[in-house]
Amino acid sequence: MTSERFPAETTKVRRRGSSSRRGSWLILAGAAAVTALVAGCSAGSTPTLPTVAPPSTSSAPPASTPPARPGCSDDNTTRVESYDPSTVTTGPALERIKRAGKLKVGVSADNLLFGYRNPIKGTLEGFDIDMVNEVAKTIFGSAQGRVQYVVENFAQRIPDLQAGRVDLVADIMTINCIRWNQIAFSAEYFHAGQQILVRRNSYNSIKQMNGKKVCTGAGSTGFDNLVKNYKQVQRVVVNDISDCMVLFQQGAVEGVISDNTVVQGFAAQDPYAVVLPDLLSPEPYGLGINKKDVDLVRFVNNLLEQMRADGDWQRIHDKWVRSDKNGQPQPVYGRALP
Amino acid sequence: MAATAPPAQTAPAGPPAQSAPAGPEVAHPPHTWQVVTGAVRAAFAGTPGRLRLAGIVTVVAGLVFGLFAFVAASTRAGALSNARADAAQLVRVQTIRTKLVSADASLTNAFLVGGLEPPAARAAYQAGITAASKTLADASGDNTHDAVVLAEVNDVVTRYTGLVESARANNRLGYPLGAAYLRQATDLLRTDALPPLGDLGTSVQHRVDNAYSSSANATAWLVIGLVIALIALIAVQVWLAGRMRRVFNLPLVLATAVVLVVGIVLAGVMAWSQSKAKSTRDGAYFATLELATARIDAFDAKSAESLTLIARGQGQAYDASFDNLSANVGAILDDAGKNGDNEYAARQAFIAYTTVHKNIRALDGKGNWDEAVALATNNAKDGANARFGTFDAASGKALDQSSGQLRHNLSSARSPLLAFAWIALIAGVAAAVAAGLGVSTRLREYR
């Protein structure tokens, strides 16, 4: 209701967002090399710093995740292999959603570019939110009033999908082999990479940050990356990734590691923060779907093809991350149906 | 007047007869203690000596009564004054908690509205923080232990308001980071400010309890003093009556009567005071505690309602906490509702508010989050905020009333005690003087 009064501010956020993102969306060519280069450090510690946790229960410990399925490797395209697209618009999952009259989706509300609550309008916005609306529009004919948002932190995404609390997760979710064991993914719809955010003029690389405190979200691939490849960096783990930025602004941590989709959004909100250019790992995004809902996966994959054809993907992309030079990722299909 | 000394006086040659020859033993080189004991023995030798002893006993009895009665009454007065001060401190501690949660409730609700916070919500937040800070300052002067805890709380409040301002600044720029600051602020208040205040409240409550029991124990002083004095006075009179022709020694009778009457009157006053204090404790004190708890829980529940919606689909823990808190408020108000018009109005308003809350939850449960938020932030007459506002006003009035009554009752329970303490002391001295006179008359008669 107050949105008309602040058009200038709304656009300002976006402009700032894009301007400080300048030049950081590098092609992820050397990403594999970066991941390879930091193995073999001594044990790191996980200090229990202000875990700013509202009473939420799930922060899945990474130790309990099952091993990757044989034949799937995070080093090649097998990880992003999804089910073939299908034009069939019926199926158990689609029928269930139509019966409910609403598409229940897990999104984030604190990620400036992909899923955030616009403080001025009070509404959810972002790349992922637009993707969700495309899905709802295709199912129901119109997205209006057909989406029920469940705001999640990273660690809640998989449990919520598994428990059926949501039909779909559109929350910058990285496709990887371990997660394929727990849930299913659409084809890759955005290609991101992990980067680190630090104070302006402080560090040039994460390699200089041994022994320093770096914040990341529980249940995120950033956390996994720190555990695996940067053992000497002190990990500070929070439930909600935006709490990392609060700790960073308070001087409690020296860096925030997450996907560039997140840290670029943080940098856009803080002129004293910069995102270092090193890409620490590739992060292919897929829409998360319950393992059993194969019909929904194939339906969404078909929608992604349509969006490529009619330019909807490009429109959404340019609306949120214009300076990103990766186009819509080429899908990889052929995953064996369960 | 000493001529009437009865000749029979020499007849009772009891044990003091042996001490009679103590007088001429002057030849020995006297040690100091020997001189002293000798003098003492001489002073209390024979019937005059015993009379002297009796005189001392009666004087001491009067003084003991006066002193013990004074201690009894002033101990109770002091204890009740402590109880009053601690009860007032308890009200202050609860006020701080209430103001902080109410500020937080306005804040979270305003955040839910989105955009610039409504001026009224901002004003309510500011008023809550101002009142909390002021009460923090007021409460810090009373007690060093309290002051340490309150200084910590004050520090947390400062950090809290800092986080809130960061949230606002980000919010104004349209940055979603504001939400993270808000969440931190709210969590900080709940983890670092409210629990120490809760503990402090409990410890002040213990102090009130202790004050009450030391007030109750004060009766013992009066009883002991009265019993000792009466036994001594009566024993001396019985003994005198056996020795002397006259049965009654008027000054001694007077002294006994003074001790008895003043003792009984003081016992009455003290009993009245204690029973008034006790009924205050069962009445206004508990009512105040309960109302304060109800208000704290209610504001906390209101915050939880907003936080449930802010968490959007992940607010189950907040929702459960709302249910617990509001059940507690309901139970308290069901009892308190019988106590007065304001209490009843508070109960009705809270029930009216919870029906709106049920609708909010029903809407959110069906996935109509926007409508749920609209209802939760509605300031119109039948909206959640207006109904909660009615509860706030009525319960606030009820609380002011009962805490005022608490202060007044404890003051009036205490007020006559000091005067009576002095009266008892003076009466004791007077009884001592009278008793001394009474016995010395006999002593003079004896010479």
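Since this is a predicted model, take the numbers as computed values, not measurements.

**Q** Would you mind showing me how to read the overall build of chain A here?
**A** In terms of regular secondary structure, chain A is built from eleven helices and 14 strands. Here chain A, with 338 residues, has 57% of them falling under the buried criterion. The contacts in chain A between residues at least 6 apart in sequence include a share of 76% that link residues at least 24 apart. For chain A, the accessible area works out to roughly 13,300 Å², and carbon and sulfur atoms hold 53% of it.

**Q** Sorry, what's going on with helix H4 (residues 119-140) of chain B here?
**A** An α-helix turns once every 3.6 residues. As a result, residues three or four positions apart point the same way. Residue and element names in this part refer to chain B. For H4, spanning 22 residues, the distance from its first C-alpha to its last is 31 Å, which sits close to the expected 32 Å at 1.5 Å a residue. Considered for burial, the residues of H4 that qualify are Ala-121, Arg-122, Tyr-125, Gly-128, Ile-129, Ala-132, Thr-135, Leu-136 and Ala-139. Contacts made by the buried residues of H4 are with helix H3 (46-113) and helix H5 (144-172).

**Q** Could you clarify how one ought to interpret the pairing of strand E8 (residues 190-199) of chain A in this entry?
**A** Within a regular strand, side chains alternate between the sheet's two faces. Residue and element names in this part refer to chain A. Counting buried positions along E8 yields eight of ten residues, so the element is predominantly enclosed. Here five bridges tie E8 to strand E13 (residues 281-285), and the two strands are oriented antiparallel to one another. Bridged to Phe-190 within E13 is Tyr-285. Here E8 runs beside strand E11 (residues 255-259); their pairing, made up of five bridges, is antiparallel. Bridged to Gln-195 within E11 is Ser-258.

**Q** How should the sheet that holds strand E3 (residues 115-117) of chain A be read in this particular structure?
**A** Paired through backbone hydrogen bonds, the strands of a sheet run either parallel or antiparallel to each other. Residues and elements named next belong to chain A. Here three strands make up an open sheet; going across it, the order is E2-E3-E4 and the pairing antiparallel. In the strand order of this sheet, the two ends are held by strand E2 (110-111) and strand E4 (124-125), each with one partner. Inspection of the sheet shows E3 paired to E4 by two bridges, in the antiparallel sense. Pairing of Tyr-116 across the sheet is with Glu-125, part of E4.

**Q** Just checking my understanding: could you explain the domain arrangement of chain A for this structure?
**A** A common way to state how big an interface is: give the accessible area lost once the parts meet. Residues and elements named next belong to chain A. Assigned domains of chain A: these are domain 1 (55-61 + 192-282) and domain 2 (77-190 + 284-324). Counting from both sides, the interface comprises 23 residues of domain 1 and, opposite them, 19 residues of domain 2. Mapped by element, the contributors of at least two residues to the side of domain 1 that touches domain 2 are helix H8 (241-249), E11 and helix H9 (260-267). Counting residues per element, the side of domain 1 that touches domain 2 draws most heavily on H9, which supplies five residues. Of the residues belonging to the side of domain 1 that touches domain 2, the class tally is eight nonpolar, 13 polar and two charged.

**Q** Any chance you could explain the pattern of salt bridges here in plain terms?
**A** Where side chains of opposite charge bring their charged atoms close, a pairing between them can arise. Within this structure, the stated rule accounts for 30 salt bridges over all chains. In this structure, Asp312(A) and Arg315(A) form a salt bridge, with 3.5 Å as the shortest nitrogen-oxygen distance. With Asp312(A) and Arg315(A) both in helix H11 (residues 312-321) and three residues apart, this pair spans about one turn of that helix. On the accessibility criterion, Arg315(A) (44% relative accessible area) is partly exposed. A salt bridge links Arg190(B) to Asp300(B); its shortest N-O distance comes to 2.9 Å. Residue Arg190(B) is found in helix H6 (residues 177-243), and its partner Asp300(B) is found in helix H7 (residues 250-311); the two are separated by 110 residues along the sequence. Judged by its relative accessible area of 17%, Asp300(B) falls in the buried class. A network of salt bridges, in which partner residues are shared, links Glu134(A), Lys137(A), Asp312(A) and Arg315(A).

**Q** What exactly am I supposed to notice about the environment of Asp382(B) here?
**A** Residues and elements named next belong to chain B. Residue placement: Asp-382 occurs in the loop between helix H10 (369-376) and helix H11 (384-446). Of the residues examined, Asp-382 reaches a relative accessible area of 48% and is grouped as partly exposed. In this structure Asp-382 touches Val-356 and Arg-387, once residues within four positions along its chain are discounted. Here Arg-387 takes part through its side chain, which lies 3.5 Å from a polar atom of the side chain of Asp-382.

**Q** In this structure, what is going on with the environment of Asn260(A)? I would like to understand it.
**A** All names here are of chain A. Structurally, Asn-260 can be placed in helix H9. Separated by 84 residues in the primary sequence, Asn-260 and Asn-176 place their C-alpha atoms 17 Å from one another. Side chain to side chain, Asn-260 and Gln-195 meet in a polar contact 3.2 Å long.

**Q** Which parts of the structure should I look at to understand the state of the cysteines?
**A** Here, the word disulfide means a covalent bond between the sulfur atoms of two cysteines. Residue and element names in this part refer to chain A. Scanning the entire structure with this criterion turns up two disulfides over all chains. Each sulfur in the disulfide pair Cys-72 and Cys-177 lies 2.1 Å from the other. Across the S-S bond of Cys-72 and Cys-177 the torsion is about -80 degrees, and the bridge reads as left-handed. With Cys-72 in the loop between helix H2 (31-37) and helix H3 (92-100) and Cys-177 in helix H6 (residues 177-180), this pair connects stretches of sequence that are 105 residues apart. Linked covalently through their sulfurs, Cys-215 and Cys-244 form a disulfide whose S-S length is 2.0 Å. Looking along the S-S bond of the Cys-215-Cys-244 disulfide, the torsion reads about -80 degrees, which is the left-handed sense. A residue pair is termed long-range when its members are at least 10 positions apart, and Cys-215 in strand E9 (residues 213-217) and Cys-244 in helix H8 qualify at 29 residues. Taken individually, Cys-215 and Cys-244 each receive the classification buried, so the pair is uniform in this respect. What links to what in chain A: the bonded cysteines, counted in sequence order, pair as 1-2, 3-4.

**Q** Is there a simple way to think about the interface of chain B and chain A in this case?
**A** Between chain B and chain A, the residue contacts involve 31 residues of the former and 38 residues of the latter. The contact between chain B and chain A buries some 2,900 Å² in all, and 54% of this surface belongs to carbon and sulfur atoms. A per-residue breakdown of the area chain B buries against chain A is headed by Pro176(B), Arg312(B) and Gln314(B), which together make up 22% of the total. Linking chain B with chain A are two salt bridges, by the criterion used here. Across the pair Asp240(A) and Arg183(B) runs a salt bridge, and its minimum N-O distance is 3.8 Å.

**Q** Looking at this structure, I do not really get the nonpolar core. What am I missing?
**A** One broad trend across soluble globular proteins is that nonpolar side chains are buried collectively. Counting 197 residues, the largest nonpolar core has Phe127(A), Leu197(A) and Leu100(B) as the members making the most contacts within it. With near-sequence residues (within four places) excluded, Leu197(A) lies in contact with Met245(A), Phe248(A), Glu254(A), Gly255(A), Val256(A), Val263(A), Phe266(A), Ala267(A), Ala273(A), Val274(A) and Val275(A). Ranked by size, the runner-up nonpolar core spans twelve residues in total, among them Ile206(A), Met209(A), Val233(A) and Ile257(A).

The rules behind these values
Residues numbered from 1 in each chain as written. Chains lettered and ligands numbered in written order. Predicted model: local features only at pLDDT ≥ 70, side-chain atom pairs only at ≥ 80, totals over all residues. Heavy atoms only, no water. Helix = DSSP H or I, 4+ residues; strand = E, 2+ residues; numbered from the N terminus. Buried < 20%, exposed > 50% of the residue type's maximum accessible area, 1.4 Å probe, protein only. Contact = heavy atoms within 4.5 Å. Areas by Shrake-Rupley, 256 points an atom, 1.4 Å probe, with all protein chains shown as cover. Expected span 1.5 Å × (residues − 1). Pairing = 2+ DSSP bridges. Domains from an automatic or database assignment. Nonpolar A, V, L, I, M, F, W, Y, C, P; charged D, E, K, R; others polar. Salt bridge = Lys/Arg side-chain N within 4 Å of Asp/Glu carboxyl O. Polar contact = N/O pair within 3.5 Å; in protein donor to acceptor, adjacent residues only side chain to side chain. Disulfide = S-S within 2.5 Å. Buried area = accessible area lost by both parts, 1.4 Å probe. Core = buried A, V, L, I, M, F, W, Y, C linked by side-chain atoms within 4.5 Å.

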